[in-house]
Amino acid sequence: AQKITQTQPGMFVQEKEAVTLDCTYDTSDQSYGLFWYKQPSSGEMIFLIYQGSYDEQNATEGRYSLNFQKARKSANLVISASQLGDSAMYFCAMRGKDQGGKLIFGQGTELSVKP
Amino acid sequence: EAGVAQSPRYKIIEKRQSVAFWCNPISGHATLYWYQQILGQGPKLLIQFQNNGVVDDSQLPKDRFSAERLKGVDSTLKIQPAKLEDSAVYLCASSRDVDTEAFFGQGTRLTVV
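Note that the coordinates shown come from a computational prediction; the quantities given were computed from them, not determined experimentally.

1. Notes on the layout of surface pockets
Here the largest pocket defines a volume of roughly 500 Å³. Forming the walls of the largest pocket are 27 residues, and the residues nearest its centre are A:Q39, A:S41, A:G43, B:L39 and B:R109. Mapped onto the lining of the largest pocket, the elements with two or more residues apiece are strand 10 (88-96) and strand 12 (109-114) of chain A together with strand 9 (88-95) and strand 11 (108-112) of chain B. Residues of the lining of the largest pocket, tallied by class, amount to eleven nonpolar, 13 polar and three charged. By volume, the second largest pocket is sized at about 160 Å³. Looking at the second largest pocket, the residues that line it are A:I104, A:F105, A:Q107, B:Q36, B:I38, B:Q41, B:G42, B:P43, B:K44, B:L45 and B:Q59. Residue assignment for the lining of the second largest pocket shows that the elements contributing at least two residues are strand 11 (102-105) of chain A together with strand 5 (44-50) of chain B. When the residues that make up the lining of the second largest pocket are grouped by side-chain class, the tally is five nonpolar, five polar and one charged.

Below is the structure:
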């Protein structure tokens, strides 16, 4: 069975500072992918970043980076230089390739950026 | 490239009525997902299609929910009869294959009264 755990229901960060959102996962698949999505109050789900289980380097996309620690089964999202527009819900998700690509989500972390 | 299209955006129905949601995935995307997102929670996978075949529907309440994907393109999700606890946002997502990111539509917000 696959499971995603996000233990931080809410986080606050000062504008221009960096913030780390935690995500741990559990899977029996040998090959899998990890994703982060942003969901603003408007409701759309916006893809941010992807990490494959066999990728040796941590993924980066602009101000987003993924701190992937395979042995610990963690895939934390780091947002650098936070902006007011970063205030939103953030979801960690996992897709196990051995199980036909089932994509499951964690419970989410609500990030609030303070001016 | 057009995104995932969903309709309607909003729907209000009375309990025990039926409702249907429609999703048009991104052209060429073989994988299609339907999720239910209750307020304050993460999206819960209801059903996953690969082309027009069902890959996973283990969390679909089959006594009242049904879904189909005609010709491996558009998909409809139906609820009959609706219950109060079905009030949620229903999200459709598609991906080119199981190795790539999934793109989401704007969702349908269902309110059952």
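There is more to say, and it comes next.
2. Some words on unusual backbone geometry
Residue and element names in this part refer to chain B. Of note, the amide linkage connecting S7 to P8 takes the cis form, showing an omega dihedral of -10°. Mapped onto the elements of the fold, P8 is located in the loop between strand 1 (5-7) and strand 2 (10-13). Residue P81 is bonded to the preceding Q80 through a cis peptide linkage, with omega at -5°. Positionally, P81 belongs in the loop between strand 8 (75-79) and strand 9. For N51, which is not a glycine, the phi torsion comes out positive at approximately 55°. If you trace the backbone, N51 turns up in the loop between strand 5 and strand 6 (53-56).

3. Re the interface of chain A and chain B
With 17 residues of chain A at the contact, the number on the chain B side is 21 residues. Across the chain A to chain B interface the summed buried area is about 1600 Å²; carbon plus sulfur atoms make up 51%. The three residues of chain A that bury the most area against chain B are A:M45, A:R95 and A:K102, which together make up 30% of that side's buried surface. Where chain A meets chain B, there are one salt bridge. One salt bridge connects A:K102 with B:D56, and the closest N-O pair in it is separated by 3.6 Å.

4. Some thoughts on the sheet that holds strand 1 of chain B
All names here are of chain B. Taken together, the four strands give an open sheet; going across it, the order is 1-3-8-7, and neighbouring strands pair in antiparallel fashion. Pairing within the sheet leaves two strands with one partner each, and these edge strands are strand 1 and strand 7 (65-69). Here the strands of the sheet are splayed against their neighbours by 15° on average, with no regard to which way each runs. The pairing of strand 3 (residues 19-24) with strand 8 spans five bridges and is antiparallel. Bridged to F21 within strand 8 is L77.

5. Comments concerning the packing of aromatic side chains
On inspection of all chains with the given rule, the structure shows 14 aromatic pairs over all chains. Both rings, one in A:Y25 and one in A:Y32, keep their centres 5.2 Å apart while their planes meet at 55°; by these two values the pair is tilted. Judged by its relative accessible area of 4%, A:Y32 is buried. Measuring from centroid to centroid gives 6.4 Å for B:F65 and B:Y90, while their planes differ by 40°, and the two rings are tilted.

6. Overview of the environment of B:A93
Residue and element names in this part refer to chain B. Here A93 shows up in strand 9. In the structure, A93 is positioned 67 residues away from I26 in sequence and 8.9 Å away in space, judged by C-alpha atoms. Dropping the residues within four chain positions of it, A93 is found in contact with T31, L32, Y33, Y35, A102, F103 and F104.

7. Topic: the pattern of salt bridges
Residues and elements named next belong to chain A. For the coordinates displayed, the defined rule picks out five salt bridges over all chains. Between K73 and D26 there is a salt bridge, with its nearest N and O atoms 3.3 Å apart. With K73 in the loop between strand 8 (64-69) and strand 9 (74-79) and D26 in strand 4 (residues 24-26), this pair connects stretches of sequence that are 47 residues apart. Taking the relative accessible area as the measure of exposure, K73 reaches 30% and is therefore partly exposed. Residue classification places D26 among the partly exposed positions, given a relative accessible area of 40%.

Rules behind the numbers
- Residues numbered from 1 in each chain as written.
- Chains lettered and ligands numbered in written order.
- Predicted model: local features only at pLDDT ≥ 70, side-chain atom pairs only at ≥ 80, totals over all residues.
- Heavy atoms only, no water.
- 1 Å grid on protein atoms, 1.4 Å probe; cavity = no way out; pocket = protein on both sides within 12 Å on 5 of 7 lines; lining within 4 Å.
- Points joined across faces, edges and corners; volume = space filled by probe spheres on them.
- Helix = DSSP H or I, 4+ residues; strand = E, 2+ residues; numbered from the N terminus.
- Nonpolar A, V, L, I, M, F, W, Y, C, P; charged D, E, K, R; others polar.
- Contact = heavy atoms within 4.5 Å.
- Buried area = accessible area lost by both parts, 1.4 Å probe.
- Salt bridge = Lys/Arg side-chain N within 4 Å of Asp/Glu carboxyl O.
- Pairing = 2+ DSSP bridges.
- Axes fitted to C-alpha atoms, helices over the stretch in contact; angles between N-to-C directions.
- Phe/Tyr/Trp six-rings, centres within 6.5 Å; stacked < 30°, edge-to-face > 60°.
- Buried < 20%, exposed > 50% of the residue type's maximum accessible area, 1.4 Å probe, protein only.

These results come straight from atomic positions and should not be treated as a statement about function.
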